[in-house]
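Understanding the architecture of this molecule
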Amino acid sequence: GENVEQHPSTLSVQEGDSAVIKCTYSDSASNYFPWYKQELGKRPQLIIDIRSNVGEKKDQRIAVTLNKTAKHFSLHITETQPEDSAVYFCAASKNTDKLIFGTGTRLQVFP
Amino acid sequence: GAVVSQHPSRVICKSGTSVKIECRSLDFQATTMFWYRQFPKKSLMLMATSNEGSKATYEQGVEKDKFLINHASLTLSTLTVTSAHPEDSSFYICSANPRGPGNTIYFGEGSWLTVV
């Protein structure tokens with residue numbers, strides 16, 4: 001089955017700097033790759049997603065890149081703000097079916 | 001937008017008892033729903049796929065007799081934790097996808113289960 005690895009597990013950046021989180025997946029049939037932000041005890045919030053027919057997608061300060069050949073995808077947050085501090089999860093799926101999540105990254109943005 | 005509602009949000013039960021958690025799609029029909037479990041400071045782990053009108057599909061390592069899933073209608077899936085033990089204490093969350101594959105996934109609010 002699918003296996004998703006995520007790095008780093010923790011990431012501390014200064015406000016205004018960029019943050020990058022990377023994930024790799026194992027199942028070449030996966031074609032949907034969402035990124036979620038999760039506050040403690042809350043449901044995951046979709047922040048951006050990408051499908052396998054696209055190499056890059058951007059939404060304001062957030063971007064995701066996908067390399068299908070290498071089976072890895074990355075989340076890029078630019079001009080980080082303290083409110084970006086949270087736990088971020090990547091996930092992989094076939095056709096937005098069941099999601100296999102990465103292990104999570106705790107991002108801390110210091111003022 | 002599509003809404004998935006989960007109930008209860010928090011529940012405390014005694015060891016050995018059973019607890020039922022409901023997941024409802026409020027404005028769409030869902031032939032398939034998914035149940036996840038999340039331990040504190042850990043990732044979300046897929047437990048099972050709930051299939052309307054048929055048996056659930058469980059992920060490897062998940063005890064089907066302990067985590068009973070019923071998907072009797074197109075808008076409701078239930079997860080029953082049977083003979084609960086303290087190690088079952090966790091955050092349980094469901095998801096559903098309107099109109100099947102290819103569309104956005106929506107999550108319920110999640111349910112905190114504490115077994116004492």
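Report on the accompanying structure. Note that the structure is a prediction, hence the values are computed from the model and not measured.

Here we take up the overall build of chain A. Summing up its helical and strand segments, chain A has zero helices and 11 strands in all. Ordering the α and β elements of chain A from the N terminus gives β-β-β-β-β-β-β-β-β-β-β. Here chain A holds 111 residues, and the buried ones make up 46% of them. In chain A, the share of contacts with a sequence separation of at least 24, taken over all contacts with a separation of at least 6, comes to 53%. When the accessible surface of chain A is split by element, carbon and sulfur atoms take 45% of a total near 5,600 Å². Taking the 13 positively charged and 13 negatively charged side chains of chain A as two groups, their mean positions are separated by 6 Å.

The gaps left among the atoms become clear once a water-sized probe is rolled over them. Roughly 610 Å³ of internal volume is contained in the largest pocket. Along its surface, the largest pocket is lined by 27 residues, and Glu2 and Ile100 of chain A together with Met45, Leu46 and Glu59 of chain B are the ones closest to its centre. Among the elements of the structure, strand E10 (100-101) of chain A together with strand E4 (32-38) and strand E5 (44-51) of chain B are those that each provide at least two residues to the lining of the largest pocket. With four residues, E5 of chain B is the largest single contributor of residues to the lining of the largest pocket. Classifying every residue of the lining of the largest pocket by side-chain character gives 12 nonpolar, eight polar and seven charged. In this structure, the second largest pocket occupies an estimated 350 Å³ of space. As for the second largest pocket, its lining consists of 22 residues, and the residues nearest its centre are Val87, Phe89 and Arg106 of chain A together with Lys41 and Lys42 of chain B.

Moving on, we come to the pattern of salt bridges. Residues and elements named next belong to chain B. Within this structure, the stated rule accounts for six salt bridges over all chains. Ionic pairing is found between Asp88 and Lys66, a salt bridge with its closest N-O pair at 2.8 Å. One end of the pair, Asp88, is in the loop between strand E8 (76-81) and strand E9 (90-96); the other, Lys66, is in the loop between strand E6 (57-58) and strand E7 (67-73), with 22 residues separating them in the sequence. For the pair Asp88 and Lys66, one class covers both residues: buried.

This brings us to the interface of chain A and chain B. Across the contact, 20 residues belong to chain A and 24 residues belong to chain B. For the pair chain A and chain B, the summed buried surface comes to about 1,700 Å²; carbon and sulfur atoms form 58% of the total. Where chain A meets chain B, there are one salt bridge. Glu59 of chain B is paired through a salt bridge with Lys98 of chain A; the nearest N and O atoms lie 3.3 Å apart. There are five residue pairs in polar contact (both at pLDDT 80 or more) connecting chain A and chain B. Counting residues per element, the ones that place at least two in the side of chain A that touches chain B are strand E4 (32-38), strand E5 (45-51) and E10 of chain A. Tallying contributions element by element places E4 of chain A first for the side of chain A that touches chain B, with three residues.

It is worth spelling out the nonpolar core at this point. If you look at the biggest cluster of nonpolar residues, it comprises 40 residues, and the most contacted ones within it are Trp35, Leu75 and Phe101 of chain A together with Tyr36 of chain B. No other element matches strand E9 (residues 86-92) of chain A, which puts seven residues into this core. Ranked by size, the runner-up nonpolar core spans 24 residues in total, among them Val11, Phe28, Ala48 and Val115 of chain B.

A separate point is unusual backbone geometry. Note the cis peptide between His7 of chain A and Pro8 of chain A, where omega equals -5°. Looking at where Pro8 of chain A falls in the secondary structure, it is placed in the loop between strand E1 (4-7) and strand E2 (10-14). His7 of chain B connects to Pro8 of chain B through a cis peptide bond whose omega is 0°. For Pro8 of chain B, the location among the structural elements is in the loop between strand E1 (4-7) and strand E2 (10-13). Phi is positive for Lys71 of chain A, which is not a glycine, with a value near 60°. With respect to the helices, strands and loops of the structure, Lys71 of chain A is situated in the loop between strand E7 (62-67) and strand E8 (72-77).

About the thresholds
- Residues numbered from 1 in each chain as written.
- Chains lettered and ligands numbered in written order.
- Predicted model: local features only at pLDDT ≥ 70, side-chain atom pairs only at ≥ 80, totals over all residues.
- Heavy atoms only, no water.
- Helix = DSSP H or I, 4+ residues; strand = E, 2+ residues; numbered from the N terminus.
- Buried < 20%, exposed > 50% of the residue type's maximum accessible area, 1.4 Å probe, protein only.
- Contact = heavy atoms within 4.5 Å.
- Areas by Shrake-Rupley, 256 points an atom, 1.4 Å probe, with all protein chains shown as cover.
- Lys, Arg positive; Asp, Glu negative; His and termini not counted.
- Charge placed at Lys NZ, Arg CZ, Asp CG, Glu CD.
- 1 Å grid on protein atoms, 1.4 Å probe; cavity = no way out; pocket = protein on both sides within 12 Å on 5 of 7 lines; lining within 4 Å.
- Points joined across faces, edges and corners; volume = space filled by probe spheres on them.
- Nonpolar A, V, L, I, M, F, W, Y, C, P; charged D, E, K, R; others polar.
- Salt bridge = Lys/Arg side-chain N within 4 Å of Asp/Glu carboxyl O.
- Buried area = accessible area lost by both parts, 1.4 Å probe.
- Polar contact = N/O pair within 3.5 Å; in protein donor to acceptor, adjacent residues only side chain to side chain.
- Core = buried A, V, L, I, M, F, W, Y, C linked by side-chain atoms within 4.5 Å.

By themselves, these are just geometric observations and shouldn't be taken as functional.
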